[in-house]
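Now for the letters of each chain:
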Amino acid sequence: MTSQNTAQTRTRLLLALWDLGGTQQEVKKGQFTKRIVSKSQKVADYQGIFEELQSQGAIAISKKGYSLTSGKGLEVLGEGLRSGDFKFEGTIVGTWAANALVRWISQIDVAVNGADVLVNGKSAIAEFPVRVASPREGIASYDEFKSVALEVYDKLNQNYNLDDLVPIYRIRREIGDRVSREHFSEWLLEMQKNDIVQLIGGEMTDITPDKAEDSITTKLSGLRYYAKRLGSAN
């Protein structure tokens, strides 16, 4: 594997771990390797990269899984994505990768204060640099989650004319890694218990495995695809 390919693979691994909620919780080894290892590869092919990232302090590895450090890990991932050499190999990019990139971009606050034009013989970028902020801060409590979830629900419902049936996977992806997958499901179910939202099953015509995975499965009623806001907002 060339140094360029190694750098691309390293970035892809970090992106996958971030997308799986690795900054909020440990991602099980089986879940992670299923995402990154193709049929023609073995987990052992990535061992050197895992060890390199661990020694950098970008990831943590335990017997059960992997986690992405919120400081160094996000820094290395950001640098990799901004690298001019980064690209996906082959002609087909996995849906997870495309969605993860869109989510990453949506969570980065970019303010351009100038244009690349000459001012007194110098580039304006030198005088007015681009500021890139870190991804949004995490959600630490149910009450905070409830407020954010309702805000996201209302925005999606209004912007996309969803007729009060907002896909749960879209809410989950909009909130992103500000909350772990476990807490998202737990707190959204608590919102249903408190009659703030109703989680609805039915059919989703454009359902895909990743959309189903980002929906919610309840113990009694099975898979729920949509959220409907109710009158109460306790």
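Computed from a predicted model, the values in this text were never measured in an experiment.

Peer 1: Explanation requested: the sheet that holds strand β3 (residues 65-68) in the structure shown.
Peer 2: The three strands lie next to each other as β1-β3-β2, forming an open sheet whose pairing is antiparallel. Here the strands that pair on one side only, and so sit at the sheet edges, are β1 (27-28) and β2 (59-61).

Peer 1: Looking at this structure, I do not really get the confidence of the model for the protein. What am I missing?
Peer 2: Reading predicted coordinates in detail is not appropriate for stretches of low pLDDT. For the protein, the average pLDDT comes to 80, and 79% of its residues sit at 70 or higher. Across residues 109-135, confidence stays below pLDDT 50; counting only partners more than four residues off in sequence or on other chains, it has 30 contacts.

Peer 1: Before we go on, may I ask you to explain the sheet that holds strand β9 (residues 197-200) in this structure?
Peer 2: Two pairing modes exist for strands in a sheet, parallel and antiparallel, and in both the strands are linked by backbone hydrogen bonds. Judged by pairing direction, the sheet is antiparallel, and its three strands sit side by side in the order β8-β12-β9 without closing on themselves. Looking at which strands have only one partner, the edges of the open sheet turn out to be β8 (166-167) and β9.

Peer 1: Could you clarify how one ought to interpret the nonpolar core in this entry?
Peer 2: A general feature of soluble globular proteins is that nonpolar side chains tend to end up buried together. Ranked by size, the top nonpolar core spans 28 residues in total, and within it L14, F32, F50 and I59 carry the most contacts. Mapped onto this core, the elements with two or more residues apiece are α1 (3-19), α2 (29-36), α3 (47-56), β3, α4 (72-82) and α5 (95-106). Per-element tally for this core: the top contributor is α1, with six residues. Counting residues in each nonpolar core, the second largest holds 24 residues, with Y142, Y153, L162 and A227 among its members.

Conventions used here
- Residues numbered from 1 in each chain as written.
- Predicted model: local features only at pLDDT ≥ 70, side-chain atom pairs only at ≥ 80, totals over all residues.
- Heavy atoms only, no water.
- Pairing = 2+ DSSP bridges.
- Helix = DSSP H or I, 4+ residues; strand = E, 2+ residues; numbered from the N terminus.
- pLDDT = per-residue confidence, 0-100.
- Contact = heavy atoms within 4.5 Å.
- Core = buried A, V, L, I, M, F, W, Y, C linked by side-chain atoms within 4.5 Å.
- Buried < 20%, exposed > 50% of the residue type's maximum accessible area, 1.4 Å probe, protein only.

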